Amino acid sequence: MTRLWKKKAPELALLVAGVLFAAQAGAADQDKKQSVAESFTANQFGERLPQNLPFDTEQVIVGAEYLNLYTGPGRGYVIDHVAEYGEPLWLLKRRTDWVKVMTRTGKTGWAKIAELDEIVTVDGEAVAVPTPGIDEYREQGLRVGFVYGDFEGANSLGVSVGYRFTDNISAELRAAQTIGAYSDSQTYQVALLHQPFPQWRISPYFLLGTGINITSPNATIVASEDRQDTTMLTGVGVTTYLSRRFALRAEVANHYLLTSRETNQEIVEWKLGFDVFM
């Protein structure tokens, strides 16, 4: 037993030392976050409030060594001011992944959200500014779309109004005007869209719909009557989110026209457009 203890004692000592070191390091990090608001640097700024401070703004304190403030919400803008450790800031508004802030002197600037990972409240509690992501796009229920495409060799312009019922299911009302060499047509459809992976920024979808197609032949020698046919619609597409309000869409759809003639007609449509979230 004595020999076994002598062999295990060094290993146990190292294990205990490692646990104690990790606990001390975690406690030191926690103390650092909690002591930002009470540090000498924070206290030297005093409790001065900026003039023309908007109502109901959140005050935070810089916990990093410094924070760059830009003249606009983008890397293309220049750094106009640097906030120091312990300096109070007021969060005004957010634009994409940038936040507009105001200093105690009333000067405004833009900070990148990724660089706001070390800010605390006046009580010393850590503040996390949410980064815009795909969740914000899913929260936008209503959207309006505009598309341009090729409808079996003819130019097609269309608009749509869509509404998202769940993360995966949405419905659309579609209207399109097609201008061809021999005939023009108007299409009015309702479609159901399914997104299997709504959390992806580039998200594929499948669609199924129905509607009517009104064809007007451009006859000059022999008079022709307009034709109205029921259409069935299937297709696939992909949506790419460009910003919080805009998304780019590409789609290929198969229109199956149920005509009154002996044979039905099948038309393939390619189109590209964008959605605006309301």
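On a predicted model such as this, the values are computed, not experimentally measured, just so you know.

This part covers the packing of aromatic side chains. Counted according to the given criterion, the structure contains five aromatic pairs. Between the aromatic rings of Tyr 70 and Trp 98, the centroid separation amounts to 5.3 Å while the plane-to-plane angle is 85 degrees, which identifies the pairing as edge-to-face. Taken together, the residues span a long stretch of sequence, with Tyr 70 in strand β2 (residues 66-70) and Trp 98 in strand β5 (residues 98-103) at a distance of 28 residues. Judged by relative accessible area, Tyr 70 falls into the buried class, the value being 7%. For Trp 98, a relative accessible area of 4% puts it in the buried group.

Here we take up the pattern of salt bridges. Under the definition given, this model contains eleven salt bridges. Note that Lys 112 and Asp 97 form a salt bridge whose closest N and O atoms lie 3.0 Å from each other. With a gap of 15 residues between them, Lys 112 in strand β6 (residues 108-112) and Asp 97 in the loop between β4 (88-95) and β5 connect regions that are remote in the sequence. Of the charged contacts, one joins Glu 251 and Lys 271 as a salt bridge, the two residues approaching to 3.5 Å between their closest N and O atoms.

Leave glycine aside and you will find that most residues have negative phi; peptide bonds, for their part, are mostly trans. Its identity is not glycine, yet Glu 152 carries a phi of approximately 55 degrees, on the positive side. Mapped onto the fold, Glu 152 is located in the loop between β9 (142-151) and β10 (154-164). Residue Glu 152 is classed as exposed on the basis of its relative accessible area of 51%.

Turning next to the sheet that holds strand β15 (residues 246-258). One closed barrel accounts for eight strands, arranged β9-β10-β11-β12-β13-β14-β15-β16; its pairing is antiparallel. Within this sheet the neighbouring strands show an average axis-to-axis angle of 25 degrees, counted without direction. Bridging between β10 and strand β11 (residues 169-179) involves ten bridges; their strand directions are antiparallel. Note on β11: the bridge partner recorded for Val 159 is Ala 175.

To continue, consider the environment of Glu 87. Inspection of the secondary structure puts Glu 87 in the loop between β3 (79-84) and β4. With near-sequence residues (within four places) excluded, Glu 87 lies in contact with Phe 45, Val 60, Ile 61, Val 62, His 81, Val 82 and Thr 103. A polar atom in the side chain of Glu 87 sits 2.9 Å from the backbone nitrogen of Glu 84.

Criteria and cut-off values
- Residues numbered from 1 in each chain as written.
- Predicted model: local features only at pLDDT ≥ 70, side-chain atom pairs only at ≥ 80, totals over all residues.
- Heavy atoms only, no water.
- Phe/Tyr/Trp six-rings, centres within 6.5 Å; stacked < 30°, edge-to-face > 60°.
- Helix = DSSP H or I, 4+ residues; strand = E, 2+ residues; numbered from the N terminus.
- Buried < 20%, exposed > 50% of the residue type's maximum accessible area, 1.4 Å probe, protein only.
- Salt bridge = Lys/Arg side-chain N within 4 Å of Asp/Glu carboxyl O.
- Pairing = 2+ DSSP bridges.
- Axes fitted to C-alpha atoms, helices over the stretch in contact; angles between N-to-C directions.
- Contact = heavy atoms within 4.5 Å.
- Polar contact = N/O pair within 3.5 Å; in protein donor to acceptor, adjacent residues only side chain to side chain.

Fair warning: the whole summary comes from geometry, so function is off the table for now.
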